[in-house]
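Chain by chain, the residues:
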Amino acid sequence: MISFSFFALSDSLENKSVASKAVISNTNQTSTATKTNQTNPNTKEFTLVAKETMLDISPSKKIKAWTYNGTIPGPTLRVTEGDKVIVHFINELDLPHTIHFHGGHNGTMDGVFEIVPPNKTFTYEFTAAPSGALMYHCHVMPVVEHVRMGLYGAFIVDPKTPLPPAKEFVIVFGDYDTKDIHTSDPESAFYNGYENIYYDNPLPVYTNETVRVYMINLSQLPAYGYHIHGTLFKTWISGIWMNDPVHTQTYATSSGDAAIFEMEWPWEGKYVFHQHGIPEDRGAMGFFNVTQPVPGLIDGKDIAISKPVSMIDWQENLTKVLQNATID
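The residue count restarts for each chain, going from 1 along the sequence in the order it is written. Given that the model is predicted, a residue must reach a pLDDT of at least 70 before its local features are reported, and side-chain atom pairs must reach 80 or more before they are shown or counted; all residues, however, enter totals for whole chains, interfaces and linings. Derived side-chain values reflect all non-hydrogen atoms in the structure, with water molecules and hydrogen atoms excluded from consideration.

**Q** Explanation requested: the confidence of the model for the chain in the structure shown.
**A** Low pLDDT means the predicted atomic positions in that stretch should not be read closely. For every residue, the predictor assigns a confidence score, pLDDT, that lies between 0 and 100. Across the chain, the average pLDDT comes to 89, with 88% of residues at 70 or higher. Whether two residues touch is decided by their heavy atoms; if any such pair falls within 4.5 Å, the residues are in contact. Under a pLDDT of 50 for its full length, residues 1–37 has, in the predicted model, 99 contacts with residues more than four places off or in other chains.

The structure is reproduced here in structure tokens:
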């Protein structure tokens, strides 16, 4: 088991405000993080670089992957509904690729017909909507191959009205096969790019603390039910905040869909979560480690009482370390 400080957060992507035009061009750029421009905070800018990466998806499996910014999944992009979103895409791979964002945008920003050749760039610009758990992925055919090879990630759009406090996690479900990338029966299924990542490194929460999970399904499998032990949970169908929540014991998301879950436990314990069925035996297994709060916890940093706590950077840092990526 790898031990992490909950606060060893990585700044793999930050935000910045600039103006640009959507054009395809030559590039020799490399991936760099960006910063928020305080004079125009409603514009969020990101850079995603498609590159070939050798990385681990389990202690015994090292694969050649296509990645956005070097990991599977790519970095979580988080904005607020109504923000102007600018995403600079740099294709450093040998094949054409794109980025298709779920949510609202016009047809010139859809990432299907705007094919980006090797060593070219494209800039996506759109207004973030609707609020919820969305996603992005390559949409070059065969799409199964391009997504399964690793070109996908979570795109979280927060509502304009701040959400109630919760400890937040992003869980991106994916799969892979070392022998046949097009198979309908892949040998590996995993959360956030690594088999059993949250079984060996459980997600830490406290009793009576609200937990919010953004569940993104970018596997190429049929829909399997996501089940959490020891509780019923609220589910926002398709991960869209405008939907009314329903109470569920297990909830299935199909490939390319999402859900938002909220739950809490009044008891200490280890509470398993998994994709019910075949994927749980191929790496899609984890658990929440629920403990009693201890004196000295800081609201909004350690525990979500009146302020939210995001664990997304902690999760991305864990994935980076376990995948042990090497950029070719």
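**Q** Help me understand the environment of Ile90 in this model?
**A** Within the secondary structure layout, Ile90 lies in strand E5 (residues 84–91). For the pair formed by Ile90 and Asn119, sequence separation is 29 residues and the distance between their alpha carbons is 7.2 Å. Where helices and strands are cited, they refer to DSSP runs of H or I of at least four residues and of E of at least two residues respectively, numbered from the N terminus.

**Q** How do you make sense of the sheet that holds strand E6 (residues 100–101) when you look at a structure like this?
**A** By definition, the strands of a sheet pair up through backbone hydrogen bonds, in either a parallel or an antiparallel sense. Strand order in the open sheet formed by 4 strands is E4-E9-E8-E6, with mixed pairing between adjacent strands. Bordering the open sheet on either side are strand E4 (77–80) and E6, each of which pairs with just one other strand. As judged from the 2 bridges shared by E6 and strand E8 (residues 132–137), these two strands associate in the antiparallel manner. By the bridge assignment for E8, Phe101 is matched with Tyr136. At least two bridges found by DSSP between two strands is the condition for calling them paired.

**Q** Can you help me understand the sheet that holds strand E19 (residues 269–275) in this one?
**A** Spatial strand order, E12-E20-E19-E14-E17: 5 strands in an open sheet with mixed pairing. Every other strand in the sheet has two partners, leaving strand E12 (203–206) and strand E17 (250–253) as the edge strands with one partner each. Mean inter-strand twist for the sheet, computed between neighbouring axes without regard to direction, equals 25 degrees. Relative to strand E20 (residues 285–291), E19 runs antiparallel, the two sharing 6 bridges. Bridging from a neighbouring strand, His274 pairs with Met285 of E20. Helix axes use the C-alpha atoms of the stretch in contact, all axes being lines fitted to C-alpha atoms, and the angles between their N-to-C directions lie in the range 0 to 180 degrees.

**Q** I tried to follow the side chain of Glu114 on my own but got confused; where do I start?
**A** In this fold, Glu114 is placed in the loop between E6 and strand E7 (120–127). Each residue is placed in one exposure class: buried if its accessible area under a 1.4 Å probe, protein chains only, is under 20% of its type's maximum, exposed if it is over 50%, and partly exposed if it falls in between. A residue counts as positive if it is Lys or Arg and as negative if it is Asp or Glu; His and the chain ends are not included. What counts as a salt bridge is simple: a side-chain nitrogen of Lys or Arg found within 4 Å of a carboxyl oxygen of Asp or Glu. For the buried Glu114, no salt bridge is present, and the opposite-charge side chain at shortest range is Lys120, 16 Å distant. Polar side-chain contacts of Glu114 include one of 3.3 Å to the backbone nitrogen of Asp110. Think of a polar contact as two N or O atoms within 3.5 Å of one another; within protein, one of them needs to be a possible hydrogen donor and the other a possible acceptor, and neighboring residues in sequence only count if both atoms come from side chains. Among the polar contacts listed, one links the side chain of Glu114 to the backbone nitrogen of Val112, at a separation of 3.5 Å. Sequence-distant contacts of Glu114, that is, excluding residues within four places in its chain, are made with Thr98, Gly107, Thr108, Met109 and Phe122.

**Q** Just to check I follow, could you spell out the nonpolar core for this structure?
**A** Proteins that are soluble and globular tend to have nonpolar side chains buried together. The biggest cluster of nonpolar side chains holds 52 residues, and the ones touching the most others in it are Val87, Ile99, Phe101, Tyr124 and Phe155. Leaving out residues up to four positions away in the same chain, Phe155 has contacts with Leu77, Val79, Phe101, His102, Phe126, Gly132, Ala133, Leu134, Met135 and Tyr136. Working definition of a nonpolar core: buried Ala, Val, Leu, Ile, Met, Phe, Trp, Tyr and Cys residues. They are joined through side-chain atoms within 4.5 Å.

**Q** Got a minute to help me understand the side chain of Asp302 in this structure?
**A** Note on placement: Asp302 falls in the loop between E20 and strand E21 (309–310). Of the side chains with opposite charge, Lys301 lies nearest to the buried Asp302, which makes no salt bridge, at 5.5 Å. Among the polar contacts listed, one links the side chain of Asp302 to the backbone nitrogen of Ile298, at a separation of 2.6 Å.

**Q** Hey, could you run me through helix H3 (residues 312–323) in this one?
**A** Structural remark: α-helix, 3.6 residues per turn; residues separated by three or four positions point the same way. Multiplying one less than the number of residues by 1.5 Å gives the expected span of a helix. Between its terminal C-alpha atoms H3 stretches 16 Å, which fits the 16 Å expected from 12 residues at 1.5 Å a residue. With 9 of 12 residues buried, H3 is to be regarded as a mostly interior element. Among all positions in H3, only Ile312, Trp314, Gln315, Glu316, Asn317, Leu318, Thr319, Leu322 and Gln323 are buried. Against the buried residues of H3 lie strand E2 (43–58), E4, strand E10 (167–176), helix H2 (197–200), E12 and E21.

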